[in-house]
Each structure stands twice: as C-alpha cells, then as structure tokens.
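What the coordinates show
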Amino acid sequence: MKPELEQLVHRAQQLYEDLDLAAVRTWKQAAPGRKAIGYMPIYVPRELMHAAGILPVGILGGGDRLEIIRGDAYFQSYICHIPRSTVELALSGRLDVLDGMLFPSIGDVIRNLSGMWTMLFPGRYVRYVDVPQNFDPKVGGAYWRRELETLQGDLTRLAGRAIKDDDLRHSIAIYNQNRQAIRELYQARSWQPWVYPTSELYLFLRAGNVLPPEEHTELLRQYLKLAPLEEDRKEKDHSRVVLVGMFCEQPPLGLLLTLERAGCWIVDDDLLLGMRWLTGEVEVEGDPLANLVTAFLEQSTATASRYQPEGDRGRALVESVQHNVAEGVIFCAPSFCDPALLDQPMLIAALDRESIQHTQFKYSEDTGQFAVIREQAGTFSDSIRLWSEA
Ligand code: SF4
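Residues numbered from 1 in each chain as written. Predicted model: local features only at pLDDT ≥ 70, side-chain atom pairs only at ≥ 80, totals over all residues.

**Notes on the site of the ligand**
Our working rule: Defining nearness, a residue is near a molecule or strand when the C-beta atom obtained from its backbone falls within 6 Å of it. Here a helix means four or more residues in a row that DSSP labels H or I, a strand means two or more in a row labelled E, and each is numbered from the N terminus. Residue type decides the class: Asp, Glu, Lys and Arg count as charged, Ala, Val, Leu, Ile, Met, Phe, Trp, Tyr, Cys and Pro as nonpolar, and the leftover types, Gly among them, as polar.
As a structural note, the neighbourhood of the ligand is formed by 13 residues, with Cys-80, Gly-107, Val-109, Cys-248 and Cys-337 the closest of them. For the shell around the ligand, the leading source of residues is helix 13 (residues 338-353), giving three residues. Of the residues in the shell around the ligand, the class split is ten nonpolar, one polar and two charged.

**Examining the sheet that holds strand 6 (residues 264-268)**
Just so we agree on the cut-off: Strands qualify as paired when DSSP identifies two bridges or more between them. Helix axes are fitted to C-alpha atoms over the stretch in contact, other axes to C-alpha atoms as well, and angles between N-to-C directions run from 0 to 180 degrees.
Sheet architecture is open: four strands sit in the order 6-5-7-8, paired in parallel fashion. With partners counted over all chains shown, the strands left at the sheet margins are strand 6 and strand 8 (357-363), one partner each. In this sheet, neighbouring strand axes are inclined to one another by 35° on average, regardless of whether the strands run parallel or antiparallel. With four bridges joining them, strand 5 (residues 239-244) and strand 6 adopt parallel strand pairing. Among the inter-strand pairings, Ser-239 is bridged to a residue of strand 6, identified as Cys-264.

**As for helix 11 (residues 288-299)**
Note the threshold: Helix span, as expected, comes to 1.5 Å for every residue beyond the first. Burial in this document is a count-based property: other C-beta atoms within 10 Å of a residue's C-beta are tallied, and the residue is buried at 20 or more, exposed at 12 or fewer, or partly exposed in between, with C-beta positions derived from the backbone. The arc in question is the one traced by the directions running from the helix axis out to the C-beta atoms. Each residue gets a C-beta atom placed from its backbone, and two residues are in contact if those atoms lie within 7 Å.
Over its twelve residues, helix 11 runs 15 Å from end to end, which matches the ideal 16 Å to within 8%, given 1.5 Å per residue. All of the buried residues along helix 11 are Pro-288, Leu-292, Val-293, Ala-295 and Phe-296. Seen along its axis, helix 11 keeps its buried residues to an arc of 160°; they face one direction. Close packing links the buried residues of helix 11 with helix 3 (46-51), helix 6 (137-159) and helix 7 (165-191).

**A short note on the sheet that holds strand 2 (residues 54-58)**
Spatially, the four strands line up as an open sheet ordered 2-1-3-4, and their pairing is parallel. Looking at the sheet topology across the chains shown, the edges are occupied by strand 2 and strand 4 (125-129). Going across the sheet, the axis of each strand differs from the next one's by a mean of 25°, ignoring polarity. Alignment of strand 3 (residues 100-104) against strand 4, held across five bridges, turns out to be parallel. Bridge pairing in strand 4 places Phe-103 opposite Tyr-128. Its contacts with the sheet place helix 6 against strand 1 (35-39), strand 2, strand 3 and strand 4, and it is angled at close to 165° to strand 4.

Written as structure tokens, this is what we have:
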C-alpha cells in the first residue's frame, strides 16, 4: 500500500478503535464551550445538532473490543448485545465527554435503553426521538415537524445559542455533501469492490461517527482518490453479494474480512444506515425544518425499522441486487434482533419470487470465531458462481 493511503487507513482504523472518544475530547477542547451529543442507530437529524454548534457522535456499542463487566447485569440474556456494551461504555466513564444522548425509535431495546439512561444518569440530557411511521404530510409530517421543533428547543438551551434558519440551511448543505460523498463511495465500490473492499470502506464510514461532517467528507474524498492508485488491487473471481441486517448492532470487522476472504465481494449493504438514511439531497432553500420533514417523508431508505406497506417489503432489496449486479444476498443479522429477523421471511419471499440466491447467519458484535461463517459464505459464493454459470 502506498504511504499516503496507508496513513489514511491507519487514521480511520485508529478512530474505529477509539472507544474512549479521544477525537471527540480533542474537538471539544479546541474551543471553549463546545458540546457533543451521542446518538444511537439509526436515524437522527444530525443537521439540527450541527446547526447548534454541537458535534453529533454516533454510538454503536463496544464491538469486540470491550469486556462487559457491569453491562450484563442490566439485561436479560435473550436480547442483542449492543445495549449491554453501550451501558458498559457509559458506566466505565467512556461516554462522559458527551453532553447528552439521543435514542431513536429503532425498536423496543433502544426505547428501553433511553429510559434506563434517564435513571442511570439523572441530570444528563436524554431524548427518545420517536420518528414517524406514517408518511402522510398531514399526519406523520405534522408530527415530525413538532418533534423537530421540540428537539430544536432542547438543543438551543443546551448549546446556549439560537439555531437560526441560515445556520440550519448551512448544516443541511454540509450533510448533503457528506451523503453525496458516501453515495459516490458506494457507487465506486459497486463498480470495483476489489479497489474499495468493504472491510476498508467500513472504517472510513465509521470515522463519520466521531468527526465533524466537513472533515469526514474530506476523508472520504481522499480515500476515493487514493484507493484506485493501488496497482495491486486486482479483480478476483469472487461472487457479488448484498449484505442485509447490519443496520444497528455492527458486525466485528473480522466478519467483513472473513466474507471477503471467503470469496464474496460486498457490493451493497445496510451498515451504518443512519448516515445514508436520506437517499437524496435535502432542499436547502426555503423553510429548513420543512425541508427536513419532506426529506424524511419522501426519501427515507427502506429498512426493517421503517414502516412499508404490505407488498412493498423486499422491493428495495431486489432493486439493489439488480442495480448492483449482485449474484446473491447474505442475511447477516445480530442475534435476537427482532427488527432484522422478523423482516427476513418477507425479504426472502421477495428474493425467491425473482430466483435470487440467499443464505443467512447471525452474529454478535463480539463474535470472535469466524470458521463456520467462512465455510458457509465460501460455499454460498461457490454455489452462486456455479449457478450463474450454469
Ligand atoms: S440490534 Fe436489533 S434488537 Fe438490538 S437494539 Fe438494534 S435494532 Fe434493536
């Protein structure tokens, strides 16, 4: 790897491994009075925080780098892992740098975690962000507008400064640029997954959890520029697959590497979906809150935690397979993740109707053994290649 790209990847890896949020501490120390607010997966309107001068910080649990000592005591055994490791992060003081937490309404677990947070950390700002599941502007739109106004009021008080419309327009434009860079990266990977392997692309996406969006966009642009200069990144006889189910609790990096080593080029996924929740540009001119509402109603991505009418489930997945010229789908969901696992039968039915091959397995963010997954993914990759050649 050339030194410039090596340094870039090293920086992204360091940010990924930094459970103590050193980057956030450094950002706050750079100017007096700066504030940072954590948010859980998937979607929160980061533009509002940015417009208030607050750094939005994506919190995704402890991955496979955190020993759970106290976090387990708060949960029964049959739920996913991310709430335990998030509580562990907080109880161990790693999240003390945050001035508040937002918990979006992805499912029961995150909702209950917001209640626990209120009890565990009285006096800290906590808000459960209940996003609409009705996409009629007069119903879900009116509701979401009220929620955004309430959040705007909270953030104004926390930041100690008003969020002016022009501030918010500026922040919308900044996040439009960030989403555009991510879309370009995803498109580039879809064309040449050997140039932008997902195990590397993922590190660059993750950096957006702790960096200001302007800096993150610049990092992505540098990666887009440098990765194609690596002459030893050659096309291999891998199969092209879409990964589904990883929108909340994240897989360990080793799992993504394992899939690639097993012969799978990942050409689309739902990793870190919050950064890509809005699938197009948010209008900058006009009423910025109204623009955020319209974007949510009209441009929300299709995923398990978003309501979709009967019959529509699976359409977006089939389109992704077709658009990315994928040969199969790997359902890869966290153990005990109700939203992902309850969605699977409907998605599988949609794939079966189109004769698209699929396989499935489960993981936990701290899964450390990949031998079985490697065998399964390798067999799947071989079989769909043979199938498509037949
Ligand atoms: S991993 Fe699944 S069940 Fe667990 S908090 Fe996330 S969405 Fe909910």
